[in-house]
Amino acid sequence: MDALEDLLAEKNVQNISVSEIARTAGIGKGSIYYYFPSKEAIVDALVERSYKKPLETARHLAEQKDVSPFTRMAMIFQACVNSSRDFHQQDRRDPASDDRSQALLHQKYIQYLVTELKPELAEIIRQGIEKGDIHFNYPEALAEIALIVLTVKLDNTLIPSSQEDINDTIQGLISLLENGTGNPEGSLNFLKV
């Protein structure tokens, strides 16, 4: 995974072979296939490793019922933003060389993050509903909607936008969520990251 990460700093994922990953890692190609059935499996493992910390944070926060659900959600979103920022800082290639393979890599990051965080965020929302802080009947749907919008907009690769457009979309999401959950205006401003 480290070798793939090093190679991704200079090349697109589609232009990297398993042989090149093995050579960079200083091991034989067969050794890679012992642990990973394909290059895609290595990419998936790298994605999983990259978001390990925010997922651990989310799981821990889901258990902290004495902390406001909004505070816990804000902490989860901030951990995700930090992980995404770290990923972008590792991408040292010329931005003009960005192509479909980078979009594919970003799509994998977003898919993994939404899929893995949804149960934890839904649990926090469910706890907020039980406590009376959140008024909504579909915690899983709310978690998924918020995660999809936030990850796609904050990643800013799949649908490139200006900072102003990103801020407007996040503000729209906040307004929609506040109105839809019966929460007072400004109560979800933590989403502005």
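Residues numbered from 1 in each chain as written. Predicted model: local features only at pLDDT ≥ 70, side-chain atom pairs only at ≥ 80, totals over all residues. Heavy atoms only, no water.

1. Let's talk about the overall build of the protein
Applicable threshold: Counting from the N terminus, the helices are the DSSP runs of H or I reaching at least four residues and the strands are the DSSP runs of E reaching at least two. Contacts: residue pairs with any heavy atoms within 4.5 Å of one another.
Across its full length, the protein holds 9 helices and 0 strands. Secondary structure elements of the protein, listed N to C terminal, follow the sequence α-α-α-α-α-α-α-α-α. Look at the contacts in the protein between residues 6 or more apart in sequence, and 63% of them connect residues 24 or more apart.

2. Re the pattern of salt bridges
Worth spelling out the cut-off: A pair is scored as a salt bridge if a Lys or Arg side-chain nitrogen falls within 4 Å of a carboxyl oxygen belonging to Asp or Glu.
Tallied over the full model, the rule gives 11 salt bridges. Here E40 and K108 are joined by a salt bridge, their closest N and O atoms 3.4 Å apart. Here K108 lies in helix α7 (residues 100–131) and E40 lies in helix α4 (residues 39–50), a separation of 68 residues in the sequence. One salt bridge in this structure joins R126 and E123, with 3.9 Å as the shortest N-O distance. With a gap of 3 residues between them, R126 and E123 both fall in helix α7, about one helical turn apart.

3. Comments concerning the environment of K192
By the element assignment, K192 lies in the segment after α9 (163–181). For K192, the contacting residues outside a window of four places in its chain are I170, Q171 and I174.

4. Focus: the nonpolar core
Let me state the cut-off plainly: Residues belong to one nonpolar core when they are buried, are Ala, Val, Leu, Ile, Met, Phe, Trp, Tyr or Cys, and are joined through side-chain atoms within 4.5 Å. For the exposure calls, accessible area comes from a 1.4 Å probe over protein chains only, and a residue counts as buried if that area is under 20% of its type's maximum, exposed if over 50%, partly exposed in between.
Of all hydrophobic cores here, the largest spans 51 residues; its most connected members are L4, I21, M73, F77, L117, F190 and L191. At the level of elements, α1 (2–8), α2 (18–25), α4, α5 (52–62), α6 (69–90), α7, α8 (139–155) and α9 are the ones that each hand at least two residues to this core. Element by element, the count of residues in this core is highest for α7, at 11 residues. The residues contacting M73, other than those within four sequence positions of it, are L121, I124, I125, I134 and F190.

5. Examining α9
As a reminder, the rule being used: Helix span, expected: 1.5 Å multiplied by one less than the number of residues in the helix.
An ideal rise of 1.5 Å per residue puts 27 Å on 19 residues; α9 measures up with 27 Å between its terminal C-alpha atoms. On the buried face of α9, the contacting elements are α8. G182 occupies a position one or two residues after α9 and carries a positive phi of about 70°.

6. Observations regarding α5
This is how the line gets drawn: For this quantity, the arc is that covered by the directions from the helix axis to the C-beta atoms.
For α5, the full list of buried residues reads P54, L55, A58, L61 and A62. Seen from one end, α5 has its buried residues packed into an arc of 125°, which puts them on one side. Residues K52 and K53 are exposed on α5 and point more than 90 degrees away from its buried face.

7. Details of the confidence of the model for the protein
What counts, and what does not: Per residue, pLDDT measures the predictor's confidence, with a range of 0 to 100.
Summary statistics for the protein give a mean pLDDT of 82 and a share of 88% for residues scoring 70 or more. Averaged pLDDT values over the elements of the protein bottom out at 71 in α6 and peak at 94 in α2. Note that residues 92–97 has pLDDT below 50 and, in this model, 9 contacts with residues that lie over four places away or in other chains.

8. Some thoughts on the packing of α8 against α9
Inclusion rule: With axes taken as lines fitted to C-alpha atoms, and helix axes fitted only over the stretch in contact, angles between N-to-C directions fall between 0 and 180 degrees. Convention used here: angles under 35 degrees read as roughly parallel, angles over 145 as roughly antiparallel, angles from 65 to 115 as roughly perpendicular, and any remaining angle as oblique. Charged residues are taken to be Asp, Glu, Lys and Arg, nonpolar residues to be Ala, Val, Leu, Ile, Met, Phe, Trp, Tyr, Cys and Pro, and polar residues to be all remaining types, Gly included.
α9 packs onto α8 with a crossing angle of 170° between their chain directions and a minimal axis gap of 10 Å. Looking at the two axes, α8 sits roughly antiparallel to α9. Mapping the contact onto sequence places L142, I145, A146, V149, L150, K153 and L154 in α8 and D165, I166, T169, I170, L173, L177 and T181 in α9. Across the contact of α8 with α9, the residue classes break down as 10 nonpolar, 2 polar and 2 charged.

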